[in-house]
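# A look at the structure
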Amino acid sequence: MILSPLLLLGPIAAAPAAPVQGDLFVIKAPRVELGDGEVMEHAVILVEDGEIVTMGQDLPVERGIPVVELEEGQVVMPGLVNPYSRYGMLGGGYNDSRPQVMASAELYPSAAYKAFLENGVTTVGQYPAGQGIPGQAVAVRPKGDSSEEMIVEDGVYLKVVMRNSSSAKRNLRDGFKKADDHLEKVEKEREKFDKAQAKAKSDKKKSSSKSKATFTPPPADPRVQPFFDLREGKLRALVSIRNAASYAHLVDAIGDEEFEWHLRIPLTRDIDVFHVADEVGERGCFVLMEPLITLVPGTLRQRNLPAEFERAGAKLVLLPRTDSKAGFESFLEDVGVMIGAGLDRKAAVRAITHNPATFMGLGDRLGTLSEGKRANLLIFSGDPFQPDTKLDAVMLDGKFVSGDMDQ
Amino acid sequence: MHLRPNQQRRASRPMRLLVAASLFLTPAALASAPLDDEPAKEAESEEDKEEVLALKGGEIHTGLGGVLRDATILVRDGKIEAFGYDVDVPEDAEVVDVSGMRVYPGLIAVGSFGLFGSSGNLDDSVDPYNQNMTLALAAGITTAVDGNTVAKLKRGHVQGLVVNTSAFESLSYSNGNPQGQLKVEEDLKGAADYIRAFRAWEDEKKSNKEAKEPSKKGVDQKSVKILRGEVRPRFNADSRTDLLEIAHLAQRFGFRPIISGCREGWTVADELGRAGATAIVTPRSRRPKDESLLRDGGSSIENAATLYSHGVNVVVVPGSRGISLGGIVGTDLLHLPVEAGFAIRGGLPELAGLRSITIEAARVLGVDYRIGSIEVGKDADLIVTDGDLLHYQTFVQWAIVDGEIVYDKQAEMFFAHIRPRPESSLAPAERMDAGEEAPAEAPEEEPVEENPEDETPEEETTGGGDGEEPQPSEDPEEPEDPEEPEDPEESEDPDESSTTAGN
């Protein structure tokens, strides 16, 4: 098997960990977690311009290509994706519907983003603050000198907060209703326009053929546009719920409306969402939760809700237990605890890499290690979920950005 | 029995941590009816079908006096379609074998708080997974008043709960507030005058088209509604004087009052009966009489009975309208049937006791056309109990709201372990009867014969007091059981002396 079409064969032993130069190099890793739950042993990863060009088992490497040779025991994993964070952002929000607000507007490069990289998070979804419908999130690469440099993709999801209240339900219903109203308005305008056209035509049947007016629909209110985007599948919603009841109210508020929506279920306090685990599982949507064991409210019965939702069929996304440096630091260990408590290990790997990336619509670019994906990867001293494992290095777009493996 | 998929889920959840094996045993073991050999398979396709539920073999207490033993209730689309002995159960029906158990109309709590998670607009704010709702269902309550809204305890649903948004029209008429009393009287008088004028106008209109409709100005519309019989006013009154004045007011203006409290009602029961009153009482409320007065007063255990015997309709509510597991255990909503049982202890007929928490409650709320009794066409709000509803040992086994099983004792964590249903995985290998304590004592003799006799003295007392044979946890499927309780008392006593001594 040939490593790259450009470079001709030659099964050659790797040079001693040469410094990575230029933008072409190889990583030889004894063990790679691919991110989709599978593992590749003795993997060779060829990276060019920050992208994985080829990867495979025991591939021959052309002489002259710099090789990063990992030690036995070291494990490579895709960079973590945290799709739900406000770390590094300031300020609060409002309690009403502002779906047009973009979190990217408040994005600015700061030292805070280093905390992500230091803990292996190479992609972050940052959402606007507030209750109600606070606005749209942005996918960010936690490095860069300007916000433009940091933005991977804007408008990755619309955050919606659902509570057991008429105002929360109204926010959602009214959004779609206003979209309908707008359509009606456009329709009326069009009729008016058509009539005017017809009249104009009959009036100056002979004289004028010069003006071919085209109908321009009145522009949609910026608050309405996101709801069109939802309907058309250009935007997905992330609905934060408080308990099983707010899920029921969410379903009620959505009614017959069809759009892509996923759930944010905070496990930071005891919660009764297990009542709806199977319903959610049937939908197969993404569910964002913390790796925490919770109690059945009012009792001392423990439940591993992430595992339950995963088993039920939901696509699990795990988030740090708190949106803070401390949370990031203990994240993998916390996930390890959940694995110990019954969460499928493969599912756990997916829940911190592939799933969050797919959730934000970036699954074709990152979240897993395979050809064509960004070279965002982590090098661990051992099993990533063991508490004594060290994160040796973090690579973002083919460059080491954190850890001791400098070049 | 076939739980529809979501029920099956709910059923299995709490058990998973307890006993993994019980997961599949429960639904399977319940499927004793011949129709359902493959519960899992049917459960899959259940959702698209019309929802038909059949409760087979139970003792149906209609709540109106009728009792049908070993009968079947058929529920279609949330309504009672048929019940009796010759009911055709369609093949696709979900069948629950309730033989040996009793089926009652779901209970109605005319006052509650905290069952729906919040108050206000329930459709938008109810928490249908609220623990208190489950507990209330465990107490047999399927409908409750929250604030002034009558709503059903539809677990897992946020729509279709509200039955009536104006449960009561409250009036205050108390000696403590003479001004207020005067105002009520004036309003009623004004309304009476208006109605008289209105009727006269209606008559006159036939001959004289010019006749002028009497002005509504200054006329209290609430009072007009009351006098027209469209609503019944509710008063809060406990003292004899207040009760008497309300009775007189009602007789003077011709309306039927609902009186909440009514503690000293037994002293003026005849007056209240003549006024056509309905009393909402708490049989266990205790208040000594005012010693400065010579006449009778204070609370009485016989209050409900006395009122009833004088023609007052009686509705029972517990002392506390919430569910509280600390402090005043025993007088909260969880004990609504027990509270009604105390009215019976005071002499209220058993049927009136049942009616006091079902149909009479529905009547004061104006929803008796839909709920409150087992009648064809009414909402299928039913409870299945393992014994006499008004007995303290009885547990609600299933609660059904609008034809859907919303509570299954064996699937919820609260009471599943107490006298588990025989077919449950929680059930001990040897069956025990209600009140029985020590299976350890049994082994010397044949365990099956032994058990029913282990009854502690409480059991005997109740049996005598009630004149009923509740045998709450009797296993319907085992024929030997009914025979046992008959002889054992004599032969067993010596053995059980230790247990008895304890009591």
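Scope of this entry: the structure provided in the associated data block. These figures come from a predicted structure and were not determined experimentally.

Along chain B, the regular secondary structure elements total 18 helices and 17 strands. Evaluated residue by residue, chain B yields a buried proportion of 55% over its 503 residues. A sequence separation of at least 24 residues applies to 63% of the contacts in chain B between residues at least 6 apart. Of the roughly 21500 Å² of accessible surface on chain B, 49% is carried by carbon and sulfur atoms.

Attention now moves to the sheet that holds strand S13 (residues 278–281) of chain B. All names here are of chain B. Sheet architecture is open: 5 strands sit in the order S10-S11-S12-S13-S14, paired in parallel fashion. Where the open sheet ends on each side, the last strands, each with one partner, are strand S10 (169–170) and strand S14 (313–316). Those strands touched by helix H8 (residues 240–253) are strand S11 (233–237) and strand S12 (258–261), and its axis lies near 160° from that of S11.

Another point: the interface of chain A and chain B. Interface size is often expressed as the accessible area that is lost when the parts come together. In this assembly, 27 residues from chain A lie in contact with 20 residues from chain B. At the boundary of chain A with chain B, total buried surface from both sides reaches about 1900 Å², with 48% on carbon and sulfur atoms. Per-residue buried area on chain A facing chain B is highest for His275(A), Asp278(A) and Arg301(A); these three make up 28% of the total on that side. The tally of links from chain A across to chain B stands at 1 salt bridge. One salt bridge connects Asp124(B) with Lys169(A), and the closest N-O pair in it is separated by 2.9 Å. On inspection of chain A and its partner chain B, the count reaches 5 residue pairs in polar contact (both at pLDDT 80 or more). Elements represented by at least two residues in the side of chain A that touches chain B include exactly helix H3 (166–203), helix H5 (244–254), helix H6 (277–283), strand S14 (302–303) and helix H7 (305–312) of chain A. Of the residues forming the side of chain A that touches chain B, the biggest block, 5 residues, is contributed by H5(A).

Our focus in this paragraph is the environment of Tyr392(B). Topologically, Tyr392(B) is positioned in the loop between strand S15 (382–385) and strand S16 (396–401). Spatially, the C-alpha atom of Tyr392(B) lies 28 Å from that of Val95(B), the residues being 297 residues apart in sequence.

This part takes up the environment of Asp49(A). Residue and element names in this part refer to chain A. In this fold, Asp49 is placed in the loop between strand S2 (39–48) and strand S3 (51–57). Relative accessible area serves as the criterion here: at 47%, Asp49 is assigned to the partly exposed category. With 257 residues separating them in the primary sequence, Asp49 and Pro306 have C-alpha atoms 37 Å apart.

Excluding glycine, residues mostly have negative phi values, and the peptide bonds linking residues are mostly trans. Positive phi is not limited to glycine here, since Asp58(A) has a value of about 50°. By the secondary structure assignment, Asp58(A) is in the loop between S3 and strand S4 (67–69). Located in the positive-phi region is Cys262(B), a residue other than glycine, with phi close to 60°. Within the element layout of this structure, Cys262(B) appears in the loop between S12 and helix H9 (269–274).

Since the α-helix turns once every 3.6 residues, residues separated by three or four places project in the same direction. Residue and element names in this part refer to chain B. For helix H11 (residues 336–345), the buried fraction is high: 8 of the 10 residues fall into the buried class. Among the residues of H11, those classed as buried are Leu336, Pro337, Val338, Glu339, Ala340, Gly341, Ala343 and Ile344. As for H11, its buried residues are in contact with strand S6 (107–112), strand S7 (141–146), helix H10 (303–309), S14 and helix H12 (350–355). Immediately beyond the C-terminal end of H11, within one or two residues, lies Gly347, with a positive phi of roughly 115°.

What counts, and where the lines are drawn
- Sequence order sets the numbering: in each chain, residues are counted from 1 along the sequence as written.
- Written order decides the labels, with chains lettered from A and ligands numbered from 1.
- Under the rules for a predicted model, residues below a pLDDT of 70 receive no local features and side-chain atom pairs below 80 are neither given nor counted, while totals for whole chains, interfaces and linings still include all residues.
- Computation of side-chain values covers all heavy atoms of the structure but excludes hydrogens and water.
- Helical segments are the DSSP runs of H or I of at least four residues, strand segments are the runs of E of at least two, and each set is numbered from the N terminus.
- The buried label applies to any residue whose accessible area, calculated with a 1.4 Å probe on protein chains only, is under 20% of its type's maximum; exposed applies above 50%, and partly exposed to all values in between.
- Any two residues whose heavy atoms approach within 4.5 Å are treated as being in contact.
- The Shrake-Rupley method, run with a 1.4 Å probe sphere, supplies the accessible areas, and residue values consider only the shown protein chains as cover.
- Two strands form a pair only when DSSP identifies at least two bridges running between them.
- Lines are fitted to the C-alpha atoms to define the axes, a helix being fitted only along its stretch in contact, and any angle between axes, read from their N-to-C directions, falls within 0 to 180 degrees.
- Two parts placed together each lose some accessible area under a 1.4 Å probe, and adding up what both lose gives the buried area.
- One side-chain nitrogen of Lys or Arg within 4 Å of one carboxyl oxygen of Asp or Glu is enough to make a salt bridge.
- Throughout this description, a polar contact denotes any pair of N or O atoms lying within 3.5 Å of each other; where both atoms belong to protein, one of them has to be capable of donating a hydrogen while the other can accept it, and for residues adjacent in sequence the pair is counted only when both atoms sit in side chains.

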